[in-house]
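As a plain string of letters, each chain reads:
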Amino acid sequence: YAVFWSGLGFELLPGISILTRSAIDHLMLATAFMAGTLLVRDLCELEKLGPTMRTTLLVTSMIPLAWILPVMMLAPRFPLVASEIYHLLFTIPLFAIVIALTVASLRGSKIAMVQMLGWSGIFVLTMHRILRGLSILGDGAFFDIGFLPLMMFETFFTSSIVAHRVLPLRREWDEAVKAHSSLVHLAETDYLTGVANRRSFVEHFNALASQKERRTLHWTLMVLDIDYFKRVNDSFGHTGGDVALIEFADLLKSHCREHDVCARIGGEEFAMLVATPDQAGGVNLAKRLRRAVEDHDFGNETYPVGCLTVSIGVVKLKYSPEFGFSDHYTVADDALYEAKKSGRNRVVEGKALPAANDPRGEPANDNPLGLPSATG
């Protein structure tokens, strides 16, 4: 509106007629006033400005625009009469704004008070424009000169109010994102040890199997079970057992590289998914882990658990749609059982999964519920 009202519209559109410029002026002014009225409606607090007043602002904001579209645009031969009615119609949303801000201010809305202050100059300017459009007042150079400063004054207050309303919403959004991230972390992490839980580990396994770019590495699934862990709980209680489990998980994490994942499957049973550059790398890493556990002194002064050992079942991943997590887990768990049966503190590599379409192969089942678990 300011562009066309100031005469810059003629510079932008040299061939425009005065009548067309007048129609555009009226259209832009009605649109701007409608936007301002709706902004008043939306910035005031819900409890300070009731639904009736909000509906009133919504309806009255569209009255000048609803008049200018069919009359000024479609019937330009009636510009004088239509212009007078048009200016008179502005009094309706103007009084609605005054009443709404007054009501909200009396109810304690500081936002309404600030808006009323910001709109004070616009109120005076609008009333002058209405009276001038009705030929009650003549042209006023003072009001014409003051148009842009008053708009800047109102814009400053409006932007301040918007910032006041939006910044808390942004903070609430950031807090909600943090809370969501925290919930996701809790859903994917074992509460005691801080490593991944069983569900998260299975999801990671399935995601890995579907990513062809990761198949350049050799992946190995390990299932680890602490030997004779019941003795730890019997000797030091479950608190002492928790201390040992946390240390054991930390020991596993210290052996994880960039792509590796370790998880607590349940009780004293853990699992690792590791990437190595060669076929034997996974088995060699399992042997290093077994020695590291054997050499570690678990516990603290309150709970001196001492030495522990671990049995490990290992299986190399076979990329085939026929074999899912449970198929690999079953092979690794069977190897873990062999390690337990043959004396514990051992690493046993499971039998290789059959080739794709081999009739000996079991159908893939990625449901992690009810999987067999080695105990020791």
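Because the structure is predicted, anything quoted here is derived from the model rather than measured. (Residues numbered from 1 in each chain as written. Predicted model: local features only at pLDDT ≥ 70, side-chain atom pairs only at ≥ 80, totals over all residues. Heavy atoms only, no water.)

**Q** Is there a simple way to think about the overall build of the protein chain in this case?
**A** Tallying secondary structure elements over the protein chain gives 13 helices and 5 strands in all. Of all 376 residues assigned to the protein chain, the portion counted as buried reaches 43%. Taking the intrachain contacts of the protein chain between residues at least 6 apart in sequence as the baseline, contacts between residues at least 24 apart amount to 70%. Roughly 20100 Å² of accessible area belongs to the protein chain as shown, and the carbon and sulfur atoms make up 63% of that amount. (Helix = DSSP H or I, 4+ residues; strand = E, 2+ residues; numbered from the N terminus. Buried < 20%, exposed > 50% of the residue type's maximum accessible area, 1.4 Å probe, protein only. Contact = heavy atoms within 4.5 Å. Areas by Shrake-Rupley, 256 points an atom, 1.4 Å probe, with all protein chains shown as cover.)

**Q** Looking at this model, I keep getting lost on the packing of helix α10 (residues 198-209) against helix α13 (residues 325-341). Mind explaining?
**A** The angle between the axes and the distance between the axes are what describe a pair of packed helices. For the pair α10 and α13, interaxial distance at closest approach is 10 Å and the crossing angle is 110°. In terms of their interaxial angle, α10 and α13 are classed as roughly perpendicular. Contact residues: Arg198, Phe201, Val202, Phe205 and Asn206 in α10; Phe325, His328 and Tyr329 in α13. (Axes fitted to C-alpha atoms, helices over the stretch in contact; angles between N-to-C directions. Parallel < 35°, antiparallel > 145°, perpendicular 65-115°, else oblique.)

**Q** Would you mind showing me how to read unusual backbone geometry here?
**A** Of note, the phi angle at Arg344 is positive, near 65°, even though the residue is not glycine. Its location among the elements puts Arg344 in the loop between α13 and β5 (347-349). The phi torsion at Asn345 lies on the positive side, around 55°, for a residue other than glycine.

**Q** For this particular structure, what's the right way to read the sheet that holds strand β1 (residues 218-226)?
**A** By definition, the strands of a sheet pair up through backbone hydrogen bonds, in either a parallel or an antiparallel sense. Across the sheet, 5 strands lie side by side as β2-β3-β1-β4-β5; this open sheet has mixed pairing. The open sheet has two free edges, formed respectively by β2 (261-266) and β5, since each of these has just one partner strand. Here the strands of the sheet are splayed against their neighbours by 20° on average, with no regard to which way each runs. Looking at chain direction, β1 and strand β3 (residues 269-276) are connected through 8 bridges and run antiparallel. (Pairing = 2+ DSSP bridges.)

**Q** Quick question: what am I supposed to make of the packing of aromatic side chains here?
**A** Where two aromatic rings form a pair, the distance of their centres and the angle of their planes describe that pair. Summed over the entire model, instances satisfying the criterion amount to 8 aromatic pairs. For the ring pair Phe156 and Phe157, a centre distance of 5.5 Å and an interplane angle of 85° mean the geometry is edge-to-face. Judged by its relative accessible area of 53%, Phe156 is exposed. Judged by its relative accessible area of 14%, Phe157 falls in the buried class. Ring geometry for Phe201 and Phe325: centres 6.1 Å apart, planes at 75°, overall edge-to-face. Of this pair, Phe201 sits in helix α10 while Phe325 sits in helix α13; the two residues are 124 residues apart in sequence, bridging distant segments of the chain. An identical accessibility class is assigned to Phe201 and Phe325; each is buried. By way of ring pairs, the aromatic residues Phe201, Phe205, Phe325 and Tyr329 are connected into one cluster. One Lys or Arg, Arg344, reaches over the ring of Tyr228 and ends 4.4 Å from the middle of that ring. (Phe/Tyr/Trp six-rings, centres within 6.5 Å; stacked < 30°, edge-to-face > 60°. Lys NZ or Arg CZ within 6 Å of the ring centre and 35° of its normal.)

**Q** Would you explain the side chain of Thr220 in this entry?
**A** Among the structural elements, Thr220 can be located in strand β1. On the basis of relative accessibility, which here comes to 1%, the residue Thr220 falls in the buried class. Once residues lying within four places of it in the same chain are set aside, the contact partners of Thr220 are Met272, Leu273, Val274, Gly282, Val314, Val315, Lys316 and Leu317.

**Q** What am I meant to see in the pairing of β1 here?
**A** Consecutive side chains of a regular strand alternate in pointing toward one face of the sheet and then the other. Within β1, 8 of the 9 residues are buried, leaving the element largely enclosed by the surrounding structure. When β1 meets strand β4 (residues 310-316), the two strands line up antiparallel, connected through 7 bridges. Its bridge partner being in β4, Leu224 is matched across the sheet by Ile312.

**Q** Explain the pattern of salt bridges to me, please; I cannot follow it from the model alone.
**A** Pairing is possible between side chains of opposite charge, provided their charged atoms come close. Scanning all chains against the criterion turns up 12 salt bridges. The network of salt bridges with common partners includes Asp225, Asp227 and Lys340. (Salt bridge = Lys/Arg side-chain N within 4 Å of Asp/Glu carboxyl O.)

**Q** Teacher, can you tell me more about the nonpolar core here?
**A** Most often, soluble globular proteins keep nonpolar side chains buried together rather than apart. If you look at the biggest cluster of nonpolar residues, it comprises 29 residues, and the most contacted ones within it are Met222, Leu224, Phe248, Leu252, Phe270, Met272 and Ile312. Among the elements of the structure, β1, α11 (229-254), β3, α12 (281-295) and β4 are those that each provide at least two residues to this core. Among the elements that line this core, the one with the most residues is α11, at 8 residues. Those residues in contact with Met272 that sit more than four places away from it in its chain are Phe201, Thr220, Leu221, Met222, Leu224, Leu252, Cys256, Val261, Cys262 and Leu289. (Core = buried A, V, L, I, M, F, W, Y, C linked by side-chain atoms within 4.5 Å.)

**Q** Quick question: what am I supposed to make of a nonpolar patch on the surface here?
**A** On the surface, a cluster of nonpolar side chains totalling about 360 Å² of accessible area is made up of Val3, Leu8, Leu12 and Leu13. Examined against the element boundaries, Leu8 turns out to sit in helix α2 (residues 8-12). (Patch = residues over 30% accessible without salt bridge, like charges linked within 9 Å, V, L, I, M, F, W, Y side chains within 5 Å.)

**Q** How do you make sense of the environment of Gly194 when you look at a structure like this?
**A** Following the sequence through the fold, Gly194 ends up in the loop between α9 (141-188) and α10. Spatially, the C-alpha atoms of Gly194 and Ala263 are 8.7 Å apart, while their sequence positions differ by 69 residues.

**Q** Explanation requested: the packing of helix α4 (residues 51-61) against helix α7 (residues 91-106) in the structure shown.
**A** Here α4 crosses α7 at 160°, and the two axes come no closer than 9 Å. Taken as axis vectors, α4 and α7 run roughly antiparallel relative to one another. The way α4 lies across α7 gives a crossing that is left-handed. Residues Met53, Thr56, Leu57, Thr60 and Ser61 of α4 pack against Ile92, Pro93, Ala96, Ile97, Ile99 and Ala100 of α7. Here the residues of the contact of α4 with α7 are counted per class, giving 8 nonpolar, 3 polar and no charged. (Left-handed = near helix turned anticlockwise from the far one by under 90°. Nonpolar A, V, L, I, M, F, W, Y, C, P; charged D, E, K, R; others polar.)

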